[in-house]
There are 2 protein chains.
Amino acid sequence: MRVTTRGRYAVMAMFDLACRRSAEPVPLKQIAEHQGLSERYLEQLMAPLRRAGLVQSMRGAQGGYTLGRPAAAISVGDILRVVEGPISPVACVTDPLACARTDGCVTRGIWSRLRDRMVDLLDSITLADLCQEAASEALTRGVDGHARSLS
Amino acid sequence: MRVTTRGRYAVMAMFDLACRRSAEPVPLKQIAEHQGLSERYLEQLMAPLRRAGLVQSMRGAQGGYTLGRPAAAISVGDILRVVEGPISPVACVTDPLACARTDGCVTRGIWSRLRDRMVDLLDSITLADLCQEAASEALTRGVDGHARSLS
DNA sequence: CCTAATCCCTACTGAAACGCTCGGGTTTCC
DNA sequence: GGAAACCCGAGCGTTTCAGTAGGGATTAGG
C-alpha cells in the first residue's frame, strides 16, 4: 500500500516548479538539486508529465520546464495518475477483468470505497494549496522559532 | 499504491470464517476451496493472524480455525496491519528515520493526511459489517434477479 | 496403537517491480 | 561552434511478490 518514489518525486518536482512563480523555464538540474533527487531519474518522470500536458518543456540552452496549467488546476491526483497509473488499491476495482469473482465479491466493496476516499483527497489537493501551505509554514516557523506539529 | 494478495486473501479468509457462525473450527482446506485460494499460501497468512490473536487454531484431526474475537471487534485494518505491516502510503509517515528531510517537507503532509483517511475507513469496517452486507446483498440479488450497483 | 486429518515451520524459487545508472542523441542560445 | 539543456532507450542490481515444496507436530477416531 505504498506510493513509489516515482509518485513522490514527481509531486516534489511539480511542487518545486509551482513555487517559483517565474515565467522563465526552470532547468531540471535546479529542481533535482533543490529537492535532493537524482537528475537522471527525475528526467524519466518528466517525460510522461510532459506528454500529459502537466508541464511544458523548452529545449536547448536556457531551456527547462514550466507548469502546463495554473498551479490551482493541477492536483496531486493528476500527477500520481500520470506517473503511477490509476489510483487504486487493487487492480479489480479499475479493471473488472483482473479478477474472476468481481461480481458478488464482498471484499471488492472495501477496496472500492477505499479507492474513492483516496481519490477524493488526492484530487482535492492542488499545487497551489501546497505552495500556500509551505509559505504559511515558513512564516510560523520563522516566528515561533521551530514550531512542529505532533501526531 | 496497491494492497498485496497477502492483505486481500487474509481479509477474504477472515470474512469466510466470520460468516460461518459455528463454534466448530473450520479447516483451512475448506476456506481455501470456498474462496478459491491456494491452501498452502493461505497457511502462511494464518500464522501471523494467529500470533496476533485474530484467529485461534485447533490442531489435529477435526481441527481448524475460529475467530479469536467477535466479528464486530475485528476490523479490516486490523487484518491488514498484521499481514502487511503498518497502513501507510510512504515509509516516512510511520518511521521518521526513513527520510532525511522529514521536517519541513511539504509533501509529507499529503501522505500523512492520506494515511489518516485510509486508516479511518479501514478501521471502521468490521467483519460483522461485511457479513451483514453479504447477507443483504444476497437477499436483493435473490429478489431482483440480478441487481448490480453501477459506479 | 495406528492412521488420517490437520495445523505448524522453514526454505526455496521464478517472475516482476523498484530505483536507479548509463550512453548516447537532438535542439537551442550565445 | 560549443555548451546547456531536454530527449530516448537500454541495462542492472536489489527487493518484493506470489506462491511451491518438504517436511514435522498434534489430535480424533477406529
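Up top you'll find the structure we're talking about.
Conventions used here
Residue numbering note: each chain is counted from 1, following its sequence as written. Note on labels: chains are lettered from A, ligands numbered from 1, in written order. Whole-chain, interface and lining totals are the exception, using all residues; otherwise, since this is a predicted model, local features are given only for residues with pLDDT of at least 70 and side-chain atom pairs are given and counted only at 80 or more. Hydrogens and waters are ignored; side-chain quantities use all the structure's heavy atoms. Any residue with at least one heavy atom within 4 Å of a molecule or strand is counted as near it. Think of a polar contact as two N or O atoms within 3.5 Å of one another; within protein, one of them needs to be a possible hydrogen donor and the other a possible acceptor, and neighboring residues in sequence only count if both atoms come from side chains. The helix count covers DSSP runs of H or I at least four residues long, the strand count covers runs of E at least two residues long, and both are numbered beginning at the N terminus. Here a pair means two rings of Phe, Tyr or Trp (six-membered ring of Trp) with centres within 6.5 Å. Their orientation is stacked below 30 degrees between planes, edge-to-face above 60, and tilted elsewhere. Note on classification: 1.4 Å probe, protein chains only; a residue is buried when its accessible area is under 20% of the maximum for its type, exposed when over 50%, partly exposed between these limits.

Remarks on the protein's contact with DNA strand C
Every one of the 26 residues lining DNA strand C counts as a neighbour, but Arg 40 and Gln 44 of chain A together with Leu 28, Arg 50 and Ser 57 of chain B are closest to it. Sugar and phosphate atoms constitute 59% of the interface atoms of DNA strand C, taking the interface as everything within 4 Å of the protein. Here a base oxygen of DNA strand C sits 3.1 Å away from a polar atom, N or O, in the side chain of Arg 59 of chain A. Interatomic distance of 2.7 Å between a side-chain N/O atom of Arg 50 of chain B and a phosphate oxygen of DNA strand C. Within the residue set of the surface near DNA strand C, elements represented by two or more residues are helix 1 (5–19) and helix 3 (39–51) of chain A together with helix 3 (39–51), strand 1 (55–58) and strand 2 (64–67) of chain B. The biggest single contributor to the surface near DNA strand C is helix 3 of chain B, with four residues.

Considering the packing of aromatic side chains
Residue and element names in this part refer to chain A. Under the criterion given, the structure shown has two aromatic pairs over all chains. Relative to Tyr 41, the ring of Tyr 9 has its centre 5.8 Å away and its plane inclined at 85°; by these criteria the two rings are edge-to-face. One end of the pair, Tyr 9, is in helix 1; the other, Tyr 41, is in helix 3, with 32 residues separating them in the sequence. Exposure remark for Tyr 41: the relative accessible area of 29% places this residue in the partly exposed category.

Function-wise, these values are silent; they only describe arrangement.
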